[in-house]
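Analysis of the macromolecular model
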Amino acid sequence: SPPSEHPHWLAAGRASRRLVLVVVFVALLLDNMLLTVVVPIIPTFLYTTEYKGTNSTVAPVQTELAPSSLKTLPGLKALPFSSMFSFFDKTAVTVMSATSAKDLANRTESSPLPQPPAINSPPPSSCLEGEEFLAKENVRVGLLFASKALVQLVVNPSVGLLTNRIGYHIPMFIGFIIMFISTIMFAFSGTYTLLFIARALQGVGSSFSSVAGLGMLASVYTDDVERGNAMGIALGGLALGVLIGAPFGSIMYEFVGKSSPFLVLAFLALLDGALQLCILQPSKISPESTKGTPVFTLLRDPFILVAAGALCFSNMGVAMLEPTLPIWMMQTMCSPKWQLGMAFLPASISYLIGTNLFGILATKMGRWLCSLVGMVVVGISLLCVPLAKNIYGLIGPNAGLGFAIGMVDSSMMPIMGYLVDLRHTSVYGNVYAIADVAFCMGFAIGPSTGGAIVRAIGFPWLMIIIGVINIAYAPLCWYLRNPPAKEEKIAILNQECPMQTKSYTAPKPLRDFPDVGDVEGENVE
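Residues numbered from 1 in each chain as written. Predicted model: local features only at pLDDT ≥ 70, side-chain atom pairs only at ≥ 80, totals over all residues. Heavy atoms only, no water.

1. Quick notes on the overall build of the chain
The helix and strand tally for the chain stands at 20 helices and 0 strands. Across the 525 residues of the chain, 56% fall into the buried class. (Helix = DSSP H or I, 4+ residues; strand = E, 2+ residues; numbered from the N terminus. Buried < 20%, exposed > 50% of the residue type's maximum accessible area, 1.4 Å probe, protein only.)

2. Examining the nonpolar core
In terms of nonpolar packing, the biggest core is built from 113 residues, with Leu321, Leu325, Met412, Met413, Met416, Tyr432 and Leu480 touching the most fellow members. No other element matches helix α2 (residues 17-54), which puts 18 residues into this core. Among residues more than four places away in sequence, those in contact with Leu321 are Pro326, Phe344, Leu382, Val385, Asn398, Leu401, Phe459 and Met463. In terms of nonpolar packing, the next biggest core, distinct from the first, is built from 7 residues, Leu35, Ala319, Cys440 and Phe443 among them. (Core = buried A, V, L, I, M, F, W, Y, C linked by side-chain atoms within 4.5 Å. Contact = heavy atoms within 4.5 Å.)

3. Re helix α8 (residues 192-220)
For α8, built from 29 residues, the straight-helix expectation of 42 Å at 1.5 Å per residue is met to within 8% by its first-to-last C-alpha distance of 42 Å. The element α8 is extensively covered by neighbouring structure, given that 21 of its 29 residues are classed as buried. (Expected span 1.5 Å × (residues − 1).)

4. Description of helix α16 (residues 395-423)
Over its 29 residues, α16 runs 42 Å from end to end, which matches the ideal 42 Å to within 8%, given 1.5 Å per residue. Where burial is concerned, most of α16 is hidden: 24 out of the 29 residues are buried.

5. Comments concerning unusual backbone geometry
With a phi angle near 55 degrees, Cys334 is a residue other than glycine that sits in the positive phi range. Structurally, the position occupied by Cys334 is in the loop between α12 (302-332) and α13 (337-342). Given a relative accessible area of 12%, Cys334 falls into the buried group.

6. Focus: the packing of helix α6 (residues 131-166) against helix α17 (residues 429-457)
In the contact formed by α6 and α17, the axes pass within 7 Å of each other and the chain directions differ by 165 degrees. As judged from the angle between their axes, α6 and α17 are roughly antiparallel. Helix-helix and strand crossings are classified by hand; for α6 and α17 the assignment is left-handed. Class assignment for the residues of the contact of α6 with α17 results in 18 nonpolar, 11 polar and 3 charged. (Axes fitted to C-alpha atoms, helices over the stretch in contact; angles between N-to-C directions. Parallel < 35°, antiparallel > 145°, perpendicular 65-115°, else oblique. Left-handed = near helix turned anticlockwise from the far one by under 90°. Nonpolar A, V, L, I, M, F, W, Y, C, P; charged D, E, K, R; others polar.)

7. A closer look at the packing of aromatic side chains
The full count for this structure, using the stated rule, is 8 aromatic pairs. A centroid spacing of 5.3 Å and a plane angle of 50 degrees characterise the contact between Phe313 and Tyr473, whose relative ring orientation is tilted. In this pair, Phe313 is assigned in helix α12 and Tyr473 in helix α18 (residues 459-473), connecting sequence segments 160 residues apart. Using a relative accessible area of 24% as the deciding quantity, one classes Phe313 as partly exposed. Consider the rings of Trp478 and Tyr479, whose centres lie 6.1 Å apart with planes at 75 degrees: the pair is edge-to-face. Look at Trp478 and you get partly exposed, because its relative accessible area is 42%. For the cation-ring pair, Lys258 lies above Phe45, with the distance from its terminal atom to the ring centre recorded as 4.8 Å. (Phe/Tyr/Trp six-rings, centres within 6.5 Å; stacked < 30°, edge-to-face > 60°. Lys NZ or Arg CZ within 6 Å of the ring centre and 35° of its normal.)

8. Here we look at the pattern of salt bridges
Counted by the stated rule, this structure contains 4 salt bridges. In this structure, Glu226 engages Arg17 in a salt bridge whose closest nitrogen and oxygen atoms are separated by 3.1 Å. Here the residue Glu226 occupies a position in helix α9 (residues 224-255), and Arg17 occupies one in helix α2, the gap between them amounting to 209 residues. On the basis of relative accessible area, Glu226 is assigned to the partly exposed category, the value being 33%. The closest approach of N and O atoms between Lys148 and Asp31, which form a salt bridge, is 3.9 Å. In this pair, Lys148 is assigned in helix α6 and Asp31 in helix α2, connecting sequence segments 117 residues apart. The burial state of Lys148 is the same as that of Asp31; both residues are buried. (Salt bridge = Lys/Arg side-chain N within 4 Å of Asp/Glu carboxyl O.)

9. Things to note about the packing of α12 against helix α15 (residues 367-384)
Packing of α12 against α15 leaves a shortest axis separation of 10 Å and a crossing angle of 20 degrees. Overall, the two elements α12 and α15 adopt an arrangement that is roughly parallel. Crossing hand, α12 versus α15: left-handed. Of the residues in α15, those touching α12 at Ala310, Phe313, Ser314, Gly317 and Leu321 are Met375, Val378 and Leu382. Considering only residue class, the contact of α12 with α15 consists of 6 nonpolar, 2 polar and no charged.

10. A closer look at a nonpolar patch on the surface
Taken together, the side chains of Ile380, Leu383, Ile457, Trp461, Ile464, Ile465, Val468, Ile469 and Ile471 make up a nonpolar region of the molecular surface, amounting to roughly 720 Å² of accessible area. At the level of elements, α15 and α18 are the ones that each hand at least two residues to the nonpolar patch. A per-element tally of the nonpolar patch places α18 first, with 6 residues. Within the element layout of this structure, Ile465 appears in helix α18. Ile465 sits in the partly exposed class, given a relative accessible area of 35%. (Patch = residues over 30% accessible without salt bridge, like charges linked within 9 Å, V, L, I, M, F, W, Y side chains within 5 Å. Areas by Shrake-Rupley, 256 points an atom, 1.4 Å probe, with all protein chains shown as cover.)

11. Focus on the side chain of Lys258
Structurally, Lys258 is set in the loop between α9 and α10 (260-280). In this structure, Lys258 is buried with no salt-bridge partner, the nearest side chain bearing the opposite charge being Glu50 at 11 Å. At a separation of 3.1 Å, a polar atom in the side chain of Lys258 contacts the main-chain carbonyl oxygen of Phe186. A polar contact is formed between the side chain of Lys258 and the backbone oxygen of Ser189, at a distance of 2.5 Å. Residues contacting Lys258, with those up to four places away along its chain left out, are Ile41, Phe45, Phe186, Ala187, Phe188, Ser189 and Tyr253. (Lys, Arg positive; Asp, Glu negative; His and termini not counted. Polar contact = N/O pair within 3.5 Å; in protein donor to acceptor, adjacent residues only side chain to side chain.)

12. Notes on the confidence of the model for the chain
On average, the chain scores 76 in pLDDT, and the residues at 70 or more come to 74%. Considering only residues more than four positions removed or in separate chains, one finds that residues 57-126, a stretch of pLDDT under 50, has 69 contacts. (pLDDT = per-residue confidence, 0-100.)

Spelled out as structure tokens, the structure:
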């Protein structure tokens, strides 16, 4: 329809880059709130529905059942009770569950079952029984969290291609619709299977919205410094989602009910959809004028791989914490429900500060240095997490973790765009698809392996492993200090237009190699 029919503010809105940034910000915010809002809800929800459902018998009976149930459940014999015990020395633990666990350990050594001392004393309400269930749950919760990222990994490349064909507006809107359906599913599903399906659906939706959103930003903000700041703000939305998600989820769940946080999110998603309809014109098809570099070419570029690896490993730390930390807190700190999500609050606040601060600072101190320091701090913070004795002990490590990941993210995202400008064609759909794949690798590998590792060797070892990996990876960021422009790029240009034979070896940051059609336009400018 001709612009005269639209009110003038709408026309102005469509022209403004700020509003595009707002739309992308809100989309990333919702996506990541939904990502983390389930973190404190799912473990306790599954525990109350499934464990309490099966073991609703009184305490004494349960202790007698325990050894026999050990025989019926294969794979539980190998469970290292000792690792759980190192924690139990310090905390007031249910006498019953502690003794029953010890009895089991003894029973496997074929010693007679000692009579547990005070069997009739009621267990303190705060701490949970069912050690074996919690240990098994680590794996299941991990898989549930990882399913979103795994689906997103599969869908991402195709979304990258789609944005090259039809522009960013339609995929963005499709993403919103899928996210909305997934949120409603979460609110009303009561079983593990349904939750799993909702989680996987969310992966599809967030794949659409994040790739299209970041690509749209990169195409609207062409200047490198501006793009860095815009990406910083949009990633702030991502962080804010991770930030509010867990605490918001645990408080709403504790005081209102399971479906409440999801309904609030569904409502916010509707608002974002309305905003998109006004500003983005989802009916408009606007393909990229130039052909983008194929994903596989980008994946063969070592510099892009280093950047993606930094994103992946730094985020894997948080991804591993998300399913395992609440369960570890349930086991060792006897935390009430609302605390499970609050543990992530310092991480998120400091991430917010980190991304906004280093969006600006990173360009001054060198983005490679910024991410190198970030990765080292991530490693150190992760090593400090198991030292915490209560929720206050988690504040320091988690805050350091968030701040450091903010450093890595805010410097790596613009580097991705810059590398594509420098070494490939300046179409950003695919490179942000790769950045997003790196995030997802972290969030797919993290929870699924994390749960299994905790079950095998315990939570502190998991933190040590991932912390050491981060510190070891950090020096690789040094290679991003001065990436060369690609010789191949010049070769391709020579086939297209023989006039340009100059070889650019030193990086010329703002020089885009134009396609044949753009040469005249560039000369005029």
